[in-house]
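# Coordinates in review
This is what each chain is made of:
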Amino acid sequence: MISNLILRNFQSHKKTILNFSPNVNAIIGQSNSGKTAILRGLFWAIYNRPSGLSFISYWNRDKKGNPIKPTSVTIADKCAIKRIRSSELNGYEIIDRMEDDPKIVLEAIGLDVPEQVEKILNIGEVNIQRQMDAPFLLSESASEVARFLNKEIRLDLIDKILSNAESKRRKYNSDIKQFEAEIINTEKELETFAILDEAERLNKQLNEVEVLAESIEDKIDDLETINTDYKKYVKIIQNYVKISFKNIEEIIEQLDDIKKEEKDIQENIDKLEEYKEEYQIKFVEKEALAVKIIELEKQMPKTCPICGNKLEADKCQN
């Protein structure tokens, strides 16, 4: 809803402020008092038409017809949309009602209205009727009225949606029939694979037999190894069997003598170990005595305590 409309330097309006009530508003006045200019200003702000400079007040033009001061129409509600034409800007300003500074400045390109402005105003052709327009829809043909109503309530969109829905319904029904036929064919094909269960059972048994065969092959390999070792040891035994019993007895006697000699040698070794230990003890004692003798020599006097002569080789010189 529009709560305020402000026109500055627009046709016959130098500065006109209109405050609208929430209900029905009527603009009355004498001819040529600017009533139509108000509608033109509103139309210019909403639709960016007409183009050019014809709407600029005569007192606000320079020699070339350009505006001296800004010409503007402001539509105000929760926020204000200001259509402005000046030497610096040909476009729109979106202004917060609580502040005077414009929040957004937009150029007007050709006859297009910026998208932000359209969304804020949200005013269509059905919302404005010009002074010389015929009564709304009353003078139109039935087909034109139907076209307008269809456009407003989007019957064309509803028809399109219903048409698309019907098309998809037919397609889905066709797909369902096709899938049902495929299911029947698949079931028939599955009947030909009834032996699959038996084949699966046999395959399982085959796998078990293969595992058993591998185990048997491993055992055969082990037996072959044992057989090879057996043949080798048989040959060794056969070689020993070829020796006469007499030679065997001699060998046994020799082994007994060797064992006795080994025992004597071991006893001698044990005695040598004992001698070695005793030698090490005596050697240690000898070393200790040598150290003790050296200490005693250091403690002996250098002169004879009796004659006072120098001692050499533990003897007095006199």
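### With respect to the packing of aromatic side chains
Here a ring pair, both rings aromatic, is described through the centre-centre distance and the interplanar angle of the planes. Considering all chains together, one arrives at five aromatic pairs under this definition. Seen from their ring centres, Phe10 and Phe55 are 5.5 Å apart, and the 20 degrees between their planes marks the pair as stacked. You can see Phe10 sitting in strand β1 (residues 4–10) and its partner Phe55 sitting in the loop between α1 (35–47) and β3 (71–76), a full 45 residues away along the chain. No difference in accessibility class separates Phe10 from Phe55, as the two residues are buried. Within the aromatic cluster, the residues linked to one another by ring pairs are Phe10, Trp44 and Phe55. It is Arg83 that lies over the ring of Tyr92; its NZ or CZ is 5.2 Å from the centre.

### Quick look at the nonpolar core
Membership of the largest hydrophobic core comes to 23 residues, with the highest contact counts inside it found for Leu5, Val73, Ile75 and Val117. No other element matches α1, which puts seven residues into this core. In contact with Leu5, not counting residues within four places along its chain, are Thr16, Ile17, Leu18, Phe20, Ile38, Leu42, Val73, Thr74 and Ile75.

### Let's talk about the pairing of strand β5 (residues 90–96)
A large share of β5 lies buried, amounting to five of its seven residues. Pairing between strand β4 (residues 79–85) and β5: seven bridges, direction antiparallel. Bridged to Ala80 within β5 is Ile95.

### Side note on the pattern of salt bridges
Taken as a whole, this structure holds four salt bridges when the rule is applied. Put simply, Glu115 and Lys119 hold a salt bridge, and the shortest N to O gap is 3.4 Å. With Glu115 and Lys119 both in helix α2 (residues 115–121) and four residues apart, this pair spans about one turn of that helix. With respect to class, Glu115 is no different from Lys119; both count as exposed. Across the pair Glu166 and Arg169 runs a salt bridge whose closest N-O atoms are separated by 2.6 Å. Residue Glu166 and its partner Arg169 are both found in helix α4 (residues 155–191); the two are separated by three residues, about one turn of the helix. Sharing partners across several salt bridges, the network here consists of Glu166, Arg169 and Arg170.

### Digging into unusual backbone geometry
In this chain, Arg49 is followed by Pro50 through a cis amide linkage whose omega measures 0 degrees. Notably, Asn9 is not glycine yet its phi reads approximately 55 degrees, a positive angle. Among the secondary structure elements, Asn9 is positioned in strand β1. Here Gln11, not a glycine, exhibits a phi torsion of approximately 50 degrees, which is positive. Mapped onto the fold, Gln11 is located in the loop between β1 and β2 (13–19).

### Brief notes about a nonpolar patch on the surface
Side chains of Leu212, Ile216 and Ile220 sit close together on the surface and give an oily, nonpolar patch of about 270 Å² of accessible area. Tracing the backbone shows Ile216 in helix α5 (residues 196–241). Of the residues examined, Ile216 reaches a relative accessible area of 43% and is grouped as partly exposed.

### Section: the side chain of Ser3
Secondary-structure assignment places Ser3 in the segment before β1. One polar contact links the side chain of Ser3 to the main-chain carbonyl oxygen of Ala76, over a distance of 2.9 Å.

Cut-offs and rules
- Residues numbered from 1 in each chain as written.
- Predicted model: local features only at pLDDT ≥ 70, side-chain atom pairs only at ≥ 80, totals over all residues.
- Heavy atoms only, no water.
- Phe/Tyr/Trp six-rings, centres within 6.5 Å; stacked < 30°, edge-to-face > 60°.
- Helix = DSSP H or I, 4+ residues; strand = E, 2+ residues; numbered from the N terminus.
- Buried < 20%, exposed > 50% of the residue type's maximum accessible area, 1.4 Å probe, protein only.
- Lys NZ or Arg CZ within 6 Å of the ring centre and 35° of its normal.
- Core = buried A, V, L, I, M, F, W, Y, C linked by side-chain atoms within 4.5 Å.
- Contact = heavy atoms within 4.5 Å.
- Pairing = 2+ DSSP bridges.
- Salt bridge = Lys/Arg side-chain N within 4 Å of Asp/Glu carboxyl O.
- Patch = residues over 30% accessible without salt bridge, like charges linked within 9 Å, V, L, I, M, F, W, Y side chains within 5 Å.
- Areas by Shrake-Rupley, 256 points an atom, 1.4 Å probe, with all protein chains shown as cover.
- Polar contact = N/O pair within 3.5 Å; in protein donor to acceptor, adjacent residues only side chain to side chain.

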